[in-house]
Amino acid sequence: MTMTMKSKNTLRMTLRASIVSAMMLACGSAHAQQMTDGDTHSPYILAVDEYCPAPGQFVNDLPEYSPGDDAAAMAAKCTGVIGGNKDQDRMISLGAWGGYVTFHFDHSIANIPGRRDFAVFGNALKSKQFNVMGGSSEPGVIMVSKDVNHNGLPDDPWYEISGSCDTDSAGKVVFDYSVTYTRADMSDIPWTDNQGGSGSVFRNSYHSQEYYPLWVNDNTLTFSGTRLPNNAVLMKRTVPVIGEVSEWVLMFFRCGYADNQPLDLDPANDDDRDNIDASSIDIAWAVDGNRQPVSLDFVDFVRVYTGLNQTVGILGETSTEVCGAEDLHLDESIAAITAAGIDGVSEAHEATETARYTTGGTMINAPQRGLNIIRMSDGTVRKVLIP
């Protein structure tokens, strides 16, 4: 499976997972598990590495773009929003189909046999009008990668998490799908795909900002990956006195995706960390480009991209939102890293500070009381608490 972002200029990120690399990982010939220095570690996101949204009604707003921001600045703003928490009131939007975010933790996440390993949280809600398994589900496809070359960058083979649609909607999932969006300032954003389809990300009256990511200088954006089947159903019922009411309901998929089901869908599972919600992921579900299972002992990077190319009436395009992520077995991950051996720690690089931001994404020129987000010369992002 390949996921790319490109334009008229050469801008391409190839993420096809090779069978050879998968075999090397399975045989244990490449050990790259790592963790930062210190006695304590967090189960939540340390930093966002890439933020590459497709056009959408919340792009340039979640997080907010400021004149002069570049890709690194926008990634740092995303870190300020979704790093270190799983707060559903703080989120970033990935825009229409294909838009993505890549992030990492302060340690490798271990693949614990028979357990769900991590969760990616969104803002999905259950319908209050209709008693169905649906509501505001905007599923994001999840990918994982292991830092085999141990350079701290998400440039190793990527593997997709095989979600429930692969079996529940067999024949309706489109693999090797590709969409190209073309800039159209303050207008509907047209797109074409590699299946002969076309359409637009339509502007609405609720959002006045530009829909095309303003920090991208190129006039086209192309994304490739897996397209999930449409999940929108227009439901109607008659209510006494009020009469007929209708609602677009975005049906939940069973498992394997971000922003798919609400956290409290099944309150009985609140204390079960392996079933925190339907967005909990087993690393064992990872597959290669031929949809064959791969064996990963640890993963270092997680990527989420919008999985639906769907416009739903007044709701507009279906766009995945991300509120945070969590290692569901932090202690086990740290123990597994210690037992397997560490190739290095991610803070060992001699890097210098290039920019500093508040958690709200505002650039500052000097340390400021509270949490500071620091962009380093090696491309990493650090969080420092100033008392």
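It should be noted that the structure appears before, not after, this text.
Residues numbered from 1 in each chain as written. Predicted model: local features only at pLDDT ≥ 70, side-chain atom pairs only at ≥ 80, totals over all residues. Heavy atoms only, no water.

Novice: Whenever I open this one, the overall build of the protein confuses me. Can you help?
Specialist: Within the protein, the secondary structure is distributed over four helices and 24 strands. With 387 residues in all, the protein has 55% of them scored as buried. Sequence separation of 24 or more characterises 72% of the internal contacts of the protein that already satisfy a separation of 6 or more. Surface summary for the protein: the accessible area is close to 16400 Å², and the carbon and sulfur share equals 52%. (Helix = DSSP H or I, 4+ residues; strand = E, 2+ residues; numbered from the N terminus. Buried < 20%, exposed > 50% of the residue type's maximum accessible area, 1.4 Å probe, protein only. Contact = heavy atoms within 4.5 Å. Areas by Shrake-Rupley, 256 points an atom, 1.4 Å probe, with all protein chains shown as cover.)

Novice: Explanation requested: helix H4 (residues 330-340) in the structure shown.
Specialist: Residue pairs spaced three or four apart in an α-helix point in one direction, given the helix's 3.6 residues per turn. Those residues of H4 not exposed but buried are Leu-330, Ser-333, Ile-334 and Ile-337. Projection of H4 onto a plane perpendicular to its axis shows the buried side chains occupying an angular sector of 95 degrees, all on one side. Along H4, the residues that are exposed and aim more than 90 degrees away from the buried face are Asp-331 and Ala-339. Along its buried surface, H4 packs onto strand S3 (100-110), strand S16 (298-306) and strand S20 (324-327). In the stretch just after H4, Gly-341 is the one whose phi turns positive, near 100 degrees. (Arc of directions from axis to C-beta.)

Novice: Would you take a moment to explain the environment of Val-173 for this structure?
Specialist: Examined against the element boundaries, Val-173 turns out to sit in the loop between helix H3 (165-168) and strand S8 (174-182). Judged by its relative accessible area of 11%, Val-173 falls in the buried class. In the structure, Val-173 is positioned 56 residues away from Pro-229 in sequence and 5.7 Å away in space, judged by C-alpha atoms. Contacts of Val-173, omitting those with residues within four sequence positions, involve Cys-165, Asp-166, Thr-226, Arg-227 and Pro-229.

Novice: What is the right way to look at the sheet that holds strand S10 (residues 198-201) in this model?
Specialist: The strands making up a sheet associate through backbone hydrogen bonding, with each pair oriented either parallel or antiparallel. Pairing in this open sheet of four strands is antiparallel, and the strands run S10-S9-S8-S11 from one edge to the other. Each end of this open sheet is capped by a strand with a single partner; those strands are S10 and strand S11 (220-227). Across this sheet, the average inter-strand angle for adjacent strands is 30 degrees, counted without regard to direction. Looking at chain direction, S8 and strand S9 (residues 189-193) are connected through three bridges and run antiparallel. Directly across from Thr-180, in S9, lies its bridge partner Thr-192. (Pairing = 2+ DSSP bridges. Axes fitted to C-alpha atoms, helices over the stretch in contact; angles between N-to-C directions.)

Novice: Help me understand helix H2 (residues 71-82), please; the structure alone is not making it clear to me.
Specialist: Given a rise of 1.5 Å per residue, 12 residues ought to cover 16 Å, and the 16 Å separating the end C-alpha atoms of H2 matches this to within 8%. Counting buried positions along H2 yields 10 of 12 residues, so the element is predominantly enclosed. Those residues of H2 lying buried are Ala-73, Met-74, Ala-75, Ala-76, Lys-77, Cys-78, Thr-79, Gly-80, Val-81 and Ile-82. The opening residue of H2, the one whose side-chain oxygen lies 3.3 Å from the backbone nitrogen of Ala-72, is Asp-70. Where H2 terminates, the next one or two residues include Gly-84, which has phi positive at roughly 70 degrees. (Expected span 1.5 Å × (residues − 1). Polar contact = N/O pair within 3.5 Å; in protein donor to acceptor, adjacent residues only side chain to side chain.)

Novice: Teacher, can you tell me more about the sheet that holds S16 here?
Specialist: The sheet built from six strands is open, its strands ordered S1-S3-S16-S6-S7-S15 with antiparallel pairing. Across the chains shown, the open sheet's two edge strands, defined by having one partner strand only, are strand S1 (47-52) and strand S15 (286-287).

Novice: Looking at this model, I keep getting lost on unusual backbone geometry. Mind explaining?
Specialist: With the exception of glycine, the majority of residues adopt a negative phi angle, and the majority of peptide bonds are in the trans configuration. A cis amide bond links Leu-62 to the next residue, Pro-63, at an omega of 5 degrees. Note that Pro-63 resides in the loop between S1 and H2. Its identity as a non-glycine residue notwithstanding, Asn-60 has a phi of 75 degrees, on the positive side. Here Asn-60 shows up in the loop between S1 and H2. The phi dihedral of His-150 is positive, around 55 degrees, even though this residue is not glycine. In this structure, His-150 sits in the loop between strand S6 (140-145) and strand S7 (158-161). Given the relative accessible area of 23%, His-150 is considered partly exposed.

Novice: Can you walk me through the environment of Thr-358 in this structure?
Specialist: Inspection of the secondary structure assignment puts Thr-358 in the loop between strand S21 (353-357) and strand S22 (363-364). With 281 residues separating them along the chain, Thr-358 and Lys-77 place their C-alpha atoms 8.3 Å apart. Not counting residues up to four positions away in its chain, the partners in contact with Thr-358 are Ile-364, Gln-368, Leu-371 and Ile-373.

Novice: Just checking my understanding: could you explain the nonpolar core for this structure?
Specialist: A general trend in soluble globular proteins is that nonpolar side chains are found buried together. The biggest cluster of nonpolar side chains holds 61 residues, and the ones touching the most others in it are Phe-103, Val-120, Tyr-181 and Val-304. By size, the runner-up hydrophobic cluster in this structure holds seven residues, among which are Met-35, Ala-110, Ile-112 and Ile-334. (Core = buried A, V, L, I, M, F, W, Y, C linked by side-chain atoms within 4.5 Å.)

Novice: Explain the pairing of S9 to me, please; I cannot follow it from the model alone.
Specialist: Two faces belong to every sheet, and in a regular strand the side chains alternate between them. The alternating pattern of S9 places Ile-189, Trp-191 and Asp-193 on a buried face and Pro-190 and Thr-192 on a face that is not buried. The turn linking S8 back onto S9 is made up of six residues, and Met-186 within it adopts a positive phi angle of 55 degrees. As defined by bridge partners, S9 adjoins S10 across four bridges and the pair is classed as antiparallel. In the strand pairing of S10, Thr-192 is matched with Ser-198.

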